[in-house]
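The lines below spell out each chain.
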Amino acid sequence: MVSAARKSARRWCDGNRFTLLCDGEQFFPEMLEAIAGAREHIALEMYLAESGPVATRFVDALCAARARDVTVFVLLDDFGTFYLNRHDRQRLNEAGVTLARFNPLSPLKLAFNLVRDHRKLLLIDDRIAYVGGAGLTQDFARELDGAAIERSWRDNMIRAEGRCVGQWWGVFRANWRRWSDVACPLPPLRSVGHASGRVVAGRRGATVLTRAAIADIRRARERVWLATPYFVPARGLRLALARAARRGVDVRLLLPGPKTDHAGARAAGRRIYGGLLRRGVRVFEYQPAFLHAKMLLADERAQIGSCNFDRWSERWNLEANQAVEDTAFADEVAGVFEYDFAECREVTWQEWRQRPLGARLHERFWGTLETWAMRLSRRSHLVLGRMDRRRT
């Protein structure tokens, strides 16, 4: 049976206001300020957190909120927050923060350890939700209180206000109840603004997000611009992009250049450039820093969140995106895309065909490795799916 929270998370609703925040130097200070202004409840769901200046600022802010009698719920993925040290966790516990671990790692769980909570979500009362792809590490903000010494990872967060905030609480609460016995509230929906939006989230695996992306791509008539840090997409998404380009849609991919945290994933993705370039898809590789943003713009619809739109996310990760349908917000997202495209090097069909033999062998090796890894993981995924069905 589908819960009411999961049903509501699929509905489009009016009465929202959305703001796009670019890079940690912009969104981290605003998130910290929102925590400082919280009056009743805070919820933080985080895949990636690592002890350091950024995490310390957030731990300080959450502890200060508890000192004001604000209820604080923190759900951390046990793998992604491995480097959040004992001291930081102890400070949260001693302050009275309710802390839970998503899918604690164990050798007895075997393949079930691969199921991870990849979401990045901060909820403030019934007023604000921050959603995106950034974790609480120095990679996303080399310096919070001044000019960056080194260019940080390129990423975005979206600030949502209005009725979608209630949807986000429903999604957080549904996940929280699986990993904690402490009751979590479900604030009422409240209208702010006039934009239409919905939360796109799934229980395990990001198939629902991939399907939502494909649906938006299929309905697009003018533009489909997609940014992702790990471009190893499912076949259905590749076909949707190619078919959109063939019917005259301006299809562009914004992908990492040489600066990346996973050279193997980049090589596996570059292997499939050819089929898309031949069909009119344009490929742009970002040069100044590692591109970690996850955005989709299809005409006037945008999606921003944690989903990489790759096969691994589709199979194993809990992901969540904020979908928005609003002309003004789409123009804002388009402006960010255009700014990023200007800092890219476009890969042409002719250039891709003439790449050196070493690059081809490198791409083939990582592409083959990725294919075999996904075949092996598919068997594990099917077994876990049967186990889930038995439990329900």
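Computed from a prediction, not measured in an experiment: that's the story for all the values here. (Residues numbered from 1 in each chain as written. Predicted model: local features only at pLDDT ≥ 70, side-chain atom pairs only at ≥ 80, totals over all residues. Heavy atoms only, no water.)

Engineer: So what's going on with the pairing of strand β11 (residues 250-256)? Which residues, and what values?
Structural biologist: Most of β11 is tucked away, with six of its seven residues classed as buried. Of the pairings in the sheet, the one linking strand β10 (residues 223-227) to β11 comprises five bridges and is parallel in character. Bridge pairing links Leu-226 to Leu-253 in β11. Considered for its hand, the β-α-β crossover made up of β10, helix α7 (residues 235-246) and β11 is right-handed. The sheet contact formed by β11 and strand β12 (residues 282-286) spans five bridges and is parallel. Residue pairing for β12: Leu-254 is matched across the bridge by Phe-284. (Buried < 20%, exposed > 50% of the residue type's maximum accessible area, 1.4 Å probe, protein only. Helix = DSSP H or I, 4+ residues; strand = E, 2+ residues; numbered from the N terminus. Pairing = 2+ DSSP bridges. Right-handed = clockwise from strand over helix to strand, strands pointing away.)

Engineer: Describe the nonpolar core, and please don't skip the residues or the numbers.
Structural biologist: Membership of the largest hydrophobic core comes to 51 residues, with the highest contact counts inside it found for Phe-172, Phe-329, Val-333 and Phe-337. Setting aside residues no more than four positions away along its own chain, Phe-329 makes contact with Phe-18, Thr-19, Leu-20, Ile-158, Ala-302, Ile-304 and Val-324. Core analysis: the second largest hydrophobic core is formed by 40 residues, Val-54, Cys-63, Phe-140 and Trp-153 among them. (Core = buried A, V, L, I, M, F, W, Y, C linked by side-chain atoms within 4.5 Å. Contact = heavy atoms within 4.5 Å.)

Engineer: Explain the pattern of salt bridges residue by residue, including any values.
Structural biologist: By the definition in use, this model includes 21 salt bridges. For Arg-154, the salt bridge identified is with Asp-23, shortest N-O distance 3.3 Å. Placement of Arg-154 in the loop between β7 (128-132) and β8 (156-162) and of Asp-23 in the loop between β1 (13-22) and α2 (24-36) is noted, with a sequence separation of 131 residues between them. Owing to a relative accessible area of 17%, Asp-23 belongs among the buried residues under this scheme. Notably, a salt bridge pairs Arg-154 with Asp-340, separated by 3.2 Å at the nearest N-O pair. One end of the pair, Arg-154, is in the loop between β7 and β8; the other, Asp-340, is in helix α11 (residues 327-341), with 186 residues separating them in the sequence. Judged by relative accessible area, Arg-154 falls into the buried class, the value being 5%. With relative accessibility at 0%, the residue Asp-340 sits in the buried group. Residues joined in a network through salt bridges with shared partners are Arg-266, Arg-270, Glu-285, Arg-345 and Glu-351. (Salt bridge = Lys/Arg side-chain N within 4 Å of Asp/Glu carboxyl O.)

Engineer: Before we move on, could you go through the packing of aromatic side chains and cite the residues and values that matter?
Structural biologist: Counted by the stated rule, this structure contains 16 aromatic pairs. Seen in terms of ring centroids, Phe-28 and Phe-58 are 5.6 Å apart; in terms of plane orientation they differ by 75°. Their pairing is edge-to-face. Of the two residues, Phe-28 is situated in helix α2 and Phe-58 in helix α3 (residues 53-67); the sequence distance between them amounts to 30 residues. For the pair Phe-28 and Phe-58, one class covers both residues: buried. (Phe/Tyr/Trp six-rings, centres within 6.5 Å; stacked < 30°, edge-to-face > 60°.)

Engineer: Any details on helix α8 (residues 263-270)? Residues and values, ideally.
Structural biologist: Most of α8 is tucked away: six of the eight residues are buried. Taken together, the buried positions of α8 are Gly-264, Ala-265, Ala-267, Ala-268, Gly-269 and Arg-270.

Engineer: Mind laying out a positive patch on the surface, listing which residues take part and the relevant values?
Structural biologist: Together, Arg-218, Arg-235, Arg-243, Arg-246, Arg-278 and Arg-279 give the surface a local cluster of positive charge. Looking at the positive patch, the element that brings in the most residues is α7, giving three residues. The residue Arg-279 is located in the loop between α9 (273-278) and β12 in this model. For Arg-279, a relative accessible area of 34% corresponds to the partly exposed category. (Patch = residues over 30% accessible without salt bridge, like charges linked within 9 Å, V, L, I, M, F, W, Y side chains within 5 Å. Areas by Shrake-Rupley, 256 points an atom, 1.4 Å probe, with all protein chains shown as cover. Lys, Arg positive; Asp, Glu negative; His and termini not counted. Charge placed at Lys NZ, Arg CZ, Asp CG, Glu CD.)

Engineer: Any chance you could break down helix α4 (residues 86-95) for me, citing the residues and the numbers?
Structural biologist: For α4, the set of buried residues is Asp-88, Arg-89 and Leu-92. The buried residues of α4 occupy an angular sector of 100° when the element is viewed end-on, so they sit on one face. Along α4, the residues that are exposed and aim more than 90 degrees away from the buried face are Arg-86, His-87 and Glu-94. Each element contacted by the buried residues of α4 is listed here: α3, β3 (71-77) and β4 (98-102). Looking at where α4 begins, the residue whose side-chain oxygen comes 3.2 Å from the main-chain nitrogen of His-87 is Asn-85. One or two positions beyond α4, positive phi appears at Gly-96, with a value near 95°. (Arc of directions from axis to C-beta. Polar contact = N/O pair within 3.5 Å; in protein donor to acceptor, adjacent residues only side chain to side chain.)

Any functional reading would require information that these geometric values do not contain.
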